[in-house]
Amino acid sequence: MVKASRAAAAWKTYREVSKPGTPGLMTRIRAIPRLIGGVLRGEYEGMGKSKLAMMALGVAYIVSPVDLVPEFLVLIGVADDFGVFLWLAASMLGESGRYVEWERRRIMGRVERITE
């Protein structure tokens, strides 16, 4: 059941990233540092600092040598890391796509004010 939900989340992320008219994968990846900076400076209100903190904890969990489920339990130990990775990737790609759209609307608002 858990594997199916992880696969469904990965598929949903892939479909969102590859949808025509939405920011592409590399655009989203390049926007991640700007997204983090915007959230920390309080400029981007589309994502709270608490969600950013959860994502940071996800990164720390993946790179940490200490696991809740030890790696010697081969299938389960790797699956928990992979599940956190899928959640983190889906969250970051989704949020960075929304951030890019927010940036575009903000830039267009500035351009419209200048041309008036």
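What you see is a predicted model; the values in this text were computed from it and never measured. (Residues numbered from 1 in each chain as written. Predicted model: local features only at pLDDT ≥ 70, side-chain atom pairs only at ≥ 80, totals over all residues. Heavy atoms only, no water.)

### Let's talk about the overall build of the protein
Next, step 1: A tally of helices and strands in the protein yields four helices and zero strands.
Next, step 2: Ordered by position in the sequence, the α and β elements of the protein form the string α-α-α-α.
Next, step 3: Taking all contacts inside the protein whose residues are at least 6 apart in sequence as the whole, residues at least 24 apart take part in 61%.
Next, step 4: With an accessible surface of roughly 8100 Å², the protein has 69% of that area assigned to carbon and sulfur atoms. (Helix = DSSP H or I, 4+ residues; strand = E, 2+ residues; numbered from the N terminus. Contact = heavy atoms within 4.5 Å. Areas by Shrake-Rupley, 256 points an atom, 1.4 Å probe, with all protein chains shown as cover.)

### Side note on the UniProt feature "transmembrane region" (unreviewed entry) in the protein
Next, step 1: UniProt feature "transmembrane region" (unreviewed entry): in the numbering of this structure it lies at residues 52-76 and 82-100.
Next, step 2: End C-alpha atoms of residues 82-100 are separated by 26 Å, and the span's content is 100% helix alongside 0% strand. (UniProt positions renumbered as here; feature names shortened; annotations may be inferred.)

### Some details on the pattern of salt bridges
Two side chains of opposite charge can pair, provided their charged atoms sit close to one another.
Next, step 1: For the structure shown, the criterion picks out five salt bridges.
Next, step 2: As a salt-bridge pair, arginine 41 and glutamate 43 come within 3.1 Å of each other at their nearest N and O atoms.
Next, step 3: For glutamate 43, a relative accessible area of 39% gives the class partly exposed.
Next, step 4: Across the salt bridge formed by arginine 104 and glutamate 101, the nearest N and O atoms sit 3.5 Å from each other. Of this pair, arginine 104 and glutamate 101 both sit in helix α4 (residues 74-115), three residues apart, roughly one helical turn.
Next, step 5: Overall, the relative accessible area of 40% leaves arginine 104 in the partly exposed class.
Next, step 6: One continuous salt-bridge network, built from bridges that share partners, spans Lys51, Glu95 and Arg98. (Salt bridge = Lys/Arg side-chain N within 4 Å of Asp/Glu carboxyl O. Buried < 20%, exposed > 50% of the residue type's maximum accessible area, 1.4 Å probe, protein only.)

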